[in-house]
Amino acid sequence: MELSQRAVCIVIISAIIFIATERVSKSNDHWQLNDTLLEITDDEETELGKKVDEYIRYQFYLENNPEFNDVVNSIVQKVAAVCDRNTLSFTCTILLSPSINAFSAPGGYIYLTYGLLKFAQTEDEVAGIVGHEVAHASLRHASKLYHEIMEILSHQDKGINDAANVLLLNSYLEEFEQDADTTGVVYARKAGFNPTGLLDFLERHFALLMRRRMLGMPDSVATATISTGVNHLREYIATLEKKE
């Protein structure tokens, strides 16, 4: 099944919005989000991640080769061990999709597509991608996104239009992506991998998208996003090299 990162982001954000707006707990539901908090707790984040994971596993075919999964998860565990939030139990699931994609759900759930792993040329590249996803969890981006969504929902009756809300959320998501890129590079480096792995991967992915664009298969959103990420990473890695 073809996978769109935008579609997955919509699923995850929708789940957060659903929980943020839920005010009535069912009598047989032992988990209820504490709406008085500005951010969700670790337990609530983990529970949210479980719900998203259940959805992903229901919707997509999974790679069941144990040796393949072990190789990928060994990289995940090396990177996770050096992150700033290593109390989370990080897991990685490989989705049988030809698309080049990676994403994460709250609570330490990481997803890589078969297409991405086939496109990657080295373990350093995979470690850089994994570092990015680990960073999302380590930096509590799901919790921060929940807080921002709650802020938006609290102002819905004050005349703020949907377009402004979308722009606001996009700005936060772009900030989260850049933070995850740079922090992920640090994690990959601490775990013993080449810190240029993510940059190498993104540069080749960008070149692929540009070739497709020339053949009449444009993806302007993905191209612009990767281009921004590449430029940001080049600058950041240059500062790392100067410190050595």
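These remarks concern the structure in this document. (Residues numbered from 1 in each chain as written. Predicted model: local features only at pLDDT ≥ 70, side-chain atom pairs only at ≥ 80, totals over all residues. Heavy atoms only, no water.)

1. Brief notes about the packing of aromatic side chains
Under the counting rule described, the total for this entry stands at 3 aromatic pairs. Plain terms: the ring middles of Phe 68 and Tyr 114 are 6.1 Å apart, the flat faces sit at 85° to each other, and that makes the pair edge-to-face. Of this pair, Phe 68 sits in helix α3 (residues 66-80) while Tyr 114 sits in helix α4 (residues 114-119), placing them 46 residues apart in sequence. Using a relative accessible area of 37% as the deciding quantity, one classes Tyr 114 as partly exposed. (Phe/Tyr/Trp six-rings, centres within 6.5 Å; stacked < 30°, edge-to-face > 60°. Helix = DSSP H or I, 4+ residues; strand = E, 2+ residues; numbered from the N terminus. Buried < 20%, exposed > 50% of the residue type's maximum accessible area, 1.4 Å probe, protein only.)

2. With respect to the side chain of Glu 45
Examined against the element boundaries, Glu 45 turns out to sit in helix α2 (residues 42-59). With sequence-adjacent residues up to four places away left out, Glu 45 is seen in contact with Ile 40, Arg 85, Pro 106, Gly 107, Ala 137, Arg 140 and Ala 142. (Contact = heavy atoms within 4.5 Å.)

3. What to know about the environment of Leu 202
Structurally, the position occupied by Leu 202 is in helix α8 (residues 197-214). C-alpha separation for the pair Leu 202 and Gly 128, spaced 74 residues apart in sequence, amounts to 10.0 Å. Filtering out sequence-adjacent residues up to four positions away, Leu 202 remains in contact with Ile 226, Val 230 and Leu 233.

4. Regarding the pairing of strand β2 (residues 102-105)
Neither face of β2 is open: one carries Ala 102 and Ser 104, the other Phe 103 and Ala 105, and all of them are buried. Where β2 and strand β3 (residues 109-113) come together, 4 bridges link them in antiparallel fashion. Bridged to Phe 103 within β3 is Tyr 111. Joining the antiparallel neighbours β2 and β3 is a turn of 3 residues, in which Gly 107 adopts a positive phi near 90°. (Pairing = 2+ DSSP bridges.)

5. A word on a nonpolar patch on the surface
Among the surface-exposed residues, Tyr 61, Leu 96 and Tyr 114 lie close enough to one another that they form a single nonpolar patch of about 330 Å² accessible area. In this fold, Leu 96 is placed in the loop between β1 (91-95) and β2. Overall, the relative accessible area of 36% leaves Leu 96 in the partly exposed class. (Patch = residues over 30% accessible without salt bridge, like charges linked within 9 Å, V, L, I, M, F, W, Y side chains within 5 Å. Areas by Shrake-Rupley, 256 points an atom, 1.4 Å probe, with all protein chains shown as cover. Salt bridge = Lys/Arg side-chain N within 4 Å of Asp/Glu carboxyl O.)

6. Some details on the sheet that holds β1
Pairing within the open sheet is mixed, and its 3 strands lie in the order β1-β3-β2. If you trace the sheet from one side to the other, it starts and ends with β1 and β2, each paired once. Within this sheet the neighbouring strands show an average axis-to-axis angle of 25°, counted without direction. Bridge analysis of β1 against β3 gives 5 bridges, and the strand direction is parallel. Following the sheet pairing, Ile 94 is matched in β3 by Leu 112. Strands β1, β2 and β3 of the sheet are contacted by α2, whose axis makes an angle of about 25° with β3. (Axes fitted to C-alpha atoms, helices over the stretch in contact; angles between N-to-C directions.)

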